[in-house]
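Examining the three-dimensional arrangement
Spelled out from the first residue to the last, the chains are:
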Amino acid sequence: MRSFFRNYGVYLAWLVSLVATLGSLYLSEVLHYEPCRLCWFQRIFMYPQVVVLGIAAYRNDRSAAIYAIPLSVIGGCISIYHYAEQKIPAMSKLLPCKVGIPCNFDYLNWWGFITIPFMALIAFVLIILFMSAARKGMQEDTAEETSNEV
């Protein structure tokens, strides 16, 4: 099972970024959910990954982890803050959104805990996990090649 994620982690990470991006566009362009300020920041860290990971998947380049992981960590931190702002009433008073839709507004609230920022957080975490596995596979391949040369 580990070898599957090490071999196909880049493809899986690209698929997650693609689904997250298409889902985000569906919510805003089809369902007309207006993104708040924090949603825009999360998009800033997700949308480029479709291109970066798509090229990496096409080229089977596992070294793209050096780009994807930091983008996902920052985007994930924004998602955590956004989710806390939605679920903890006192958080929305710290830095309230003054323009557009309030950041603590829930368009979706499935089962009382699944919201849009929560889904974004899951996507960022999955990308981190898949790219970490792919990177570990790359390191093992490099170590194997080095031992075969000796």
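Per-chain numbering applies: the sequence of each chain, read as written, is numbered from 1 onward. Reporting in this predicted model follows two pLDDT cut-offs: at least 70 for local features of residues, and 80 or more for side-chain atom pairs to be given and counted; totals over whole chains, interfaces and linings ignore these cut-offs and use all residues. By convention in this description, side-chain values take in all heavy atoms of the structure and omit both hydrogens and water.

**Some details on the overall build of the protein**
- The secondary structure listing takes helices from DSSP runs of H or I that are at least 4 residues long and strands from runs of E that are at least 2 residues long, numbered from the N terminus. A tally of helices and strands in the protein yields five helices and zero strands.
- Any residue under 20% of the maximum accessible area for its type is buried, any over 50% is exposed, and the rest in between are partly exposed; the area is computed with a 1.4 Å probe on protein chains only. Across the 150 residues of the protein, 39% fall into the buried class.
- Residue pairs at least 24 apart in sequence account for 75% of intrachain contacts in the protein once pairs closer than 6 positions are excluded.
- A 1.4 Å probe and the Shrake-Rupley method give the accessible areas. Residues count as covered only by the protein chains that appear here. Total accessible area on the protein is roughly 9000 Å²; 68% of this is exposed by carbon and sulfur atoms. The contact definition used throughout considers only heavy atoms, calling two residues in contact when any of these lie within 4.5 Å.

**Considering the nonpolar core**
- Val10, Ala13, Leu53, Ile127 and Met131 are the most contacted members of the largest nonpolar core, which has 24 residues in total.
- Elements that contribute at least two residues to this core include exactly α1 (2-30), α2 (37-59), α3 (65-87) and α5 (116-149).
- Residues in contact with Met131, not counting those within four places in the same chain, are Gly9, Val10, Ala13, Leu53, Arg62, Ala64, Ala65, Ala68 and Ile69. As used here, the term nonpolar core means buried Ala, Val, Leu, Ile, Met, Phe, Trp, Tyr and Cys residues forming a set that is joined through side-chain atoms within 4.5 Å.

**Quick word on the confidence of the model for the protein**
- What pLDDT expresses is the predictor's confidence in each residue, scored from 0 to 100. Residue-level pLDDT values for the protein average 80, and 76% of them are 70 or greater.
- Mean pLDDT per element in the protein: helix α4 (residues 91-94) is the minimum at 67, and α2 is the maximum at 89.

**Describing the packing of aromatic side chains**
- Whether two aromatic rings pair depends on their centres lying within 6.5 Å, for rings of Phe, Tyr and Trp, where Trp uses its six-membered ring; planes under 30 degrees apart make the pair stacked, over 60 edge-to-face, and the rest tilted. This structure, assessed with the given rule, holds one aromatic pair.
- Placement of a charge over a ring requires the Lys NZ or Arg CZ to be within 6 Å of the ring centre, with the centre-to-atom vector within 35 degrees of the ring normal. For Arg43, the ring lying beneath its charged end belongs to Trp40, and the centroid distance is 4.9 Å.

**Topic: α2**
- The end-to-end C-alpha distance of α2 is 34 Å, a good match for the 33 Å that 23 residues give at a rise of 1.5 Å each.
- A residue's bend is given by the angle between axes fitted to the 7 residues ending at it and the 7 residues starting at it. At Gln49, α2 is bent by approximately 30°, the largest bend along its length.
- Among the residues of α2, Leu38, Cys39, Gln42, Arg43, Phe45, Met46, Gln49, Val50, Leu53, Ala56 and Ala57 are the ones counted as buried.
- Positioned one or two residues after α2, Asn60 has a phi angle of 50°, which is positive. Under the convention used throughout, the expected extent of a helix is 1.5 Å for every residue step, that is, one less than its residue count.

**Some points on the packing of α2 against α3**
- One way to put it is that α2 packs onto α3 with a least axis distance of 9 Å and a crossing angle of 155°. Overall, the two elements α2 and α3 adopt an arrangement that is roughly antiparallel. When you trace α2 past α3, the crossing you get is left-handed. Of the residues in α3, those touching α2 at Leu38, Cys39, Phe41, Gln42, Phe45, Gln49, Val52 and Leu53 are Tyr67, Ala68, Leu71, Ser72, Ile74, Gly75, Ile78, Ser79, Tyr81, His82 and Glu85. What counts as an axis is a line fitted to C-alpha atoms, over the stretch in contact for a helix, and the angles between N-to-C directions run from 0 to 180 degrees. Here the word oblique covers every angle except those under 35 degrees (roughly parallel), over 145 (roughly antiparallel) and from 65 to 115 (roughly perpendicular). Each crossing gets its hand from how the near helix is turned against the far one by less than a right angle, where anticlockwise is left-handed and clockwise is right-handed.

**Re unusual backbone geometry**
- In this model, His32 sits at a positive phi of 60°, which is unusual for a non-glycine residue.
- The topology assignment puts His32 in the loop between α1 and α2.

**Focus on the environment of Arg37**
- Note that Arg37 resides in helix α2.
- Residue classification places Arg37 among the partly exposed positions, given a relative accessible area of 39%.
- In this structure the C-alpha to C-alpha distance between Arg37 and His82, which are 45 residues apart in sequence, comes to 9.7 Å.

**Some thoughts on a nonpolar patch on the surface**
- Two distance rules govern patches: like charges are joined within 9 Å, and nonpolar side chains (Val, Leu, Ile, Met, Phe, Trp, Tyr) within 5 Å, applied only to residues with over 30% relative accessible area and no salt bridge. Salt bridge, as used here, is a side-chain nitrogen of Lys or Arg placed within 4 Å of a carboxyl oxygen of Asp or Glu. Together, Ile122, Val125, Leu126 and Leu129 line one region of the surface with nonpolar side chains, adding up to about 310 Å² of accessible area.
- Residue position: Leu126 is located in helix α5.

**Considering the environment of Ile44**
- Mapped onto the secondary structure, Ile44 falls in helix α2.
- Sequence separation of Ile44 and Gly75 is 31 residues, and the distance between their C-alpha atoms is 8.1 Å.

**Side note on the state of the cysteines**
- Any two cysteine sulfur atoms lying within 2.5 Å of each other are counted as a disulfide. Tallied over the entire structure, the rule returns zero disulfides.
- Free cysteine Cys36: the closest other cysteine sulfur is in Cys39, separated by 3.5 Å.
- Note on Cys39: relative accessible area 16%, which makes it buried.

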